[in-house]
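# Observations on the three-dimensional arrangement
Residues per chain, in single letters:
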Amino acid sequence: MDEIKNVLQNNRPEEFGYNTSTWNGPLVIDYIKNKYGIEYKKANIYNILSSLGFTYQKGRAIYPERNEEKREEFRETVKKTSD
């Protein structure tokens, strides 16, 4: 378990051939299966990650092409139509 914790803290999935830069439950399951030959279920892996001190975090996408002015205009329009 210490090895897994070390890998998750110090390496990105890309370094192991995965096409993403963040770890998630299914990736950890796959990594453990490939490295150690042990298969975990999705629900169990989150318990293991929790016991290692990891927490679930959800990323929020920020789109570079978004326009703050148009976004605020839209919010105002929605406010007006809901009154």
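Described in the following lines is the structure provided in the data block. (Residues numbered from 1 in each chain as written. Predicted model: local features only at pLDDT ≥ 70, side-chain atom pairs only at ≥ 80, totals over all residues. Heavy atoms only, no water.)

Right, let's get into the overall build of the protein chain. Counting its secondary structure elements, the protein chain contains four helices and zero strands. Beginning at the N terminus, the succession of helices and strands in the protein chain can be written as α-α-α-α. Here the protein chain has a C-alpha radius of gyration of 20 Å; the compact-globule value for 83 residues is 12 Å, and the former is much larger. In terms of overall dimensions, the protein chain has C-alpha extents of about 60 × 25 × 20 Å along its principal axes. Looking at the protein chain as a whole, 19% of its 83 residues are labelled buried. As displayed, the protein chain offers around 7,100 Å² of accessible surface, 47% of which is attributable to carbon and sulfur atoms. (Helix = DSSP H or I, 4+ residues; strand = E, 2+ residues; numbered from the N terminus. Rg over C-alpha atoms; globule rule 2.2 N^0.38 Å. Buried < 20%, exposed > 50% of the residue type's maximum accessible area, 1.4 Å probe, protein only. Areas by Shrake-Rupley, 256 points an atom, 1.4 Å probe, with all protein chains shown as cover.)

Size it by volume and the largest pocket reaches roughly 540 Å³. As for the largest pocket, its lining consists of 17 residues, of which Trp23, Asn24, Thr55, Tyr56 and Gln57 are closest to the centre. For the lining of the largest pocket, the secondary-structure elements that each account for two or more residues are helix H2 (25-36) and helix H3 (42-51). (1 Å grid on protein atoms, 1.4 Å probe; cavity = no way out; pocket = protein on both sides within 12 Å on 5 of 7 lines; lining within 4 Å. Points joined across faces, edges and corners; volume = space filled by probe spheres on them.)

This brings us to the packing of H2 against H3. Two elements in contact, H2 and H3, have axes whose closest approach is 9 Å; the angle formed by their N-to-C orientations is 90 degrees. When the axes of H2 and H3 are compared, the pair comes out roughly perpendicular. In contact with Gly25, Pro26, Val28, Ile29 and Ile32 of H2, H3 contributes Lys42, Ile45, Tyr46 and Leu49. The class makeup of the residues in the contact of H2 with H3 is seven nonpolar, one polar and one charged. (Axes fitted to C-alpha atoms, helices over the stretch in contact; angles between N-to-C directions. Parallel < 35°, antiparallel > 145°, perpendicular 65-115°, else oblique. Contact = heavy atoms within 4.5 Å. Nonpolar A, V, L, I, M, F, W, Y, C, P; charged D, E, K, R; others polar.)

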